[in-house]
Amino acid sequence: MSKQRVIFCDFDGTITVNDNIVAIMKHFQPEGWDTLVNQVISKEITIREGVGRMFALLPTSRRQEVVDYAIGNVTIRSGFRELLDYCKQEDILFLVTSGGIDFFVYPVLSSFAIPKENIYCNASDFSGSHIRILWPHTCDAECDNDCGMCKTRIIRSYPREKYERIMIGDSVTDFAGAKLADTVFARSHLIELCQELGLNYYPFEDFHDVIKRLEEMKVREL
């Protein structure tokens with residue numbers, strides 16, 4: 001009996017062309033944001049700490065500006081809607097596993113046929129003086145990376161014995177998850193990691209590339 005295929009797809013820099021968290025910070029320029037970004041990329045601080053501290057630099061009085069910019073600045077990578085159609089046609093479970101924040105992830109994805117329960121991301125609290133990020137999907141006992149939104153926790157809930165696990169991503173938030181996937185579709189920094197560790201990966205520019213490769217993988221299995 002063949003395994004159920006499941007895709008774990010990153011949002012920032014993957015579904016979207018740009019990294020939305022970095023774009024927000026570049027636009028609003030709170031003092032110290034660039035140092036925090038560099039510390040996350042170099043792994044001096046954890047993703048959860050870095051993202052939490054970045055948004056804590058933004059006052060909630062600018063909430064509407066931040067939300068409007070985050071949603072309005074997004075460009076969806078070519079072929080995304082076609083990939084969703086392909087997954088539906090081929091009975092591939094499609095999950096969004098995002099280190100992004102609910103106030104832009106949900107609105108951006110609302111025009112696509114993705115059930116809300118299949119979207120995993122961080123949450124936000126605007127009730128105080130500055131934006132506070134909440135972490136509904138933190139690391140469990142099997143992960144000590146302090147991910148914030150722990151992709152490995154989500155992936156491990158789909159056991160290898162039953163599922164063919166496919167990851168699509170581009171950067172530091174995808175590193176740990178890529179090590180658990182059977183196949184990785186990689187862009188940017190994630191390509192370097194896959195090469196370094198000898199992971200089974202394919203580079204891609206847009207989702208048409210992903211569809212083409214998934215179709216080739218299906219043919220090989222027949």
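This text goes with the structure placed above it.
Before going into details, it helps to say that this report is about the structure given with it. Model, not experiment: these values are computed from the prediction.

What counts, and where the lines are drawn
Just so you know, the residues in each chain are numbered from 1, in the order the chain's sequence is written. It should be noted that, the model being predicted, local features are given only for residues of pLDDT at least 70 and side-chain atom pairs only at 80 or more, the latter also being counted only at that level, while totals for whole chains, interfaces and linings use all residues. No hydrogens and no water enter the side-chain calculation; it runs on all heavy atoms of the structure. Only DSSP runs of H or I with at least four residues qualify as helices, and only runs of E with at least two residues qualify as strands; both kinds are numbered from the N terminus onward. In this scheme, a residue with accessible area under 20% of its type's maximum is buried, one over 50% is exposed, and one in between is partly exposed, where area comes from a 1.4 Å probe on protein chains only. A contact between two residues is defined here by any heavy atoms of the two lying within 4.5 Å. We call a set of buried Ala, Val, Leu, Ile, Met, Phe, Trp, Tyr and Cys residues a nonpolar core when their side-chain atoms join them within 4.5 Å. Only when DSSP finds a minimum of two bridges between them are two strands counted as paired. In this description, a line fitted to the C-alpha atoms serves as the axis of each element, helices being fitted only across the stretch in contact, and the angle between N-to-C directions of two axes falls anywhere from 0 to 180 degrees. Between N or O atoms, a polar contact is any pair within 3.5 Å; within protein, one atom must be a potential hydrogen donor and the other a potential acceptor, and residues adjacent in sequence are included only when both atoms are from side chains. For this classification, under 35 degrees means roughly parallel, over 145 means roughly antiparallel, 65 to 115 means roughly perpendicular, and everything else is oblique. Here a crossing is called left-handed whenever its near helix is offset anticlockwise from the far helix by less than a right angle, and right-handed whenever the offset is clockwise. Basically, the charged four are Asp, Glu, Lys and Arg, the nonpolar ten are Ala, Val, Leu, Ile, Met, Phe, Trp, Tyr, Cys and Pro, and anything else, Gly included, counts as polar. Just to be clear on terms, a salt bridge is a Lys or Arg side-chain nitrogen sitting within 4 Å of an Asp or Glu carboxyl oxygen.

On to the environment of I92. Mapped onto the elements of the fold, I92 is located in the loop between α6 (80-90) and β2 (93-101). Classification of I92 as buried rests on a relative accessible area of 6%. For the pair I92 and K26, spaced 66 residues apart in sequence, the C-alpha to C-alpha distance is 36 Å. Beyond its immediate chain neighbours, meaning those up to four positions away, I92 contacts Q4, R5, V6, I7, Y86 and C87.

With that settled, the discussion passes to the nonpolar core. The biggest cluster of nonpolar side chains holds 72 residues, and the ones touching the most others in it are I24, F55, F94, F103 and L109. Setting aside chain neighbours within four positions, we find F94 in contact with I7, C9, F80, L83, L84, C87, I114 and N118.

Moving on: the sheet that holds strand β3 (residues 119-125). Ordered in space as β4-β3-β2-β1-β5-β6-β7, the seven strands form an open sheet in which the pairing is mixed. Two strands in the sheet have a free side with no partner beyond their single neighbour: β4 (132-134) and β7 (201-203). Here the strands of the sheet are splayed against their neighbours by 20° on average, with no regard to which way each runs. In the packing of α6 onto the sheet, the strands contacted are β1 (4-9), β2 and β5 (163-169), and the crossing angle to β2 comes to about 140°.

Our next topic: the side chain of E90. Assignment of secondary structure puts E90 in helix α6. At a separation of 3.2 Å, a polar atom in the side chain of E90 contacts the side chain of K218.

Right, let's talk about the pairing of β5 for a bit. Extensive coverage of β5 is indicated by the burial of six of its seven residues. Where β1 and β5 come together, six bridges link them in parallel fashion. Among the inter-strand pairings, Q4 is bridged to a residue of β5, identified as Y163. Taken together, the four bridges between β5 and strand β6 (residues 183-186) define a ladder with parallel strand orientation. Its bridge partner lying in β6, G169 is registered against A186.

Moving on to the side chain of T60. Looking at the element boundaries, T60 is found in the loop between α4 (47-55) and α5 (63-72). Side-chain polar atoms of T60 contact the backbone oxygen of G128, separated by 2.6 Å. Excluding residues that lie within four positions of it along the chain, T60 makes contacts with F126, G128, S129, H130 and I131.

Here we come to helix α7 (residues 102-109). Within α7, six of the eight residues are buried, which leaves the element mostly enclosed by the surrounding structure. Listing the buried residues of α7 in full gives D102, F103, F104, V105, V108 and L109.

This part takes up the packing of α5 against α7. Interaxial distance between α5 and α7 falls to 9 Å at its minimum, and their mutual angle equals 40°. Considering the angle they form, α5 stands oblique to α7. With respect to the hand of their crossing, α5 and α7 are arranged in right-handed fashion. Taken together, the residues of α7 that come into contact with α5 (itself represented by V66, V67, A70 and I71) are F103, F104, P107 and V108. A breakdown of the residues in the contact of α5 with α7 according to their chemical character gives eight nonpolar, no polar and no charged.

Another aspect to go through is the pattern of salt bridges. For side chains bearing opposite charge, pairing can occur when the charged atoms are close. On inspection of all chains with the given rule, the structure shows 12 salt bridges. Residue D140 pairs with R156 through a salt bridge whose shortest N-O separation is 2.8 Å. Pair noted here: D140 is in the loop between β4 and α8 (151-156) and R156 is in helix α8, with a separation of 16 residues, a long-range link. Across the pair D174 and K151 runs a salt bridge, and its minimum N-O distance is 2.6 Å. Taken together, the positions of D174 in the loop between β5 and α9 (175-178) and K151 in helix α8 put the pair 23 residues apart, joining distant regions of the chain. Looking at D174, the relative accessible area reads 0%, which means it is buried.

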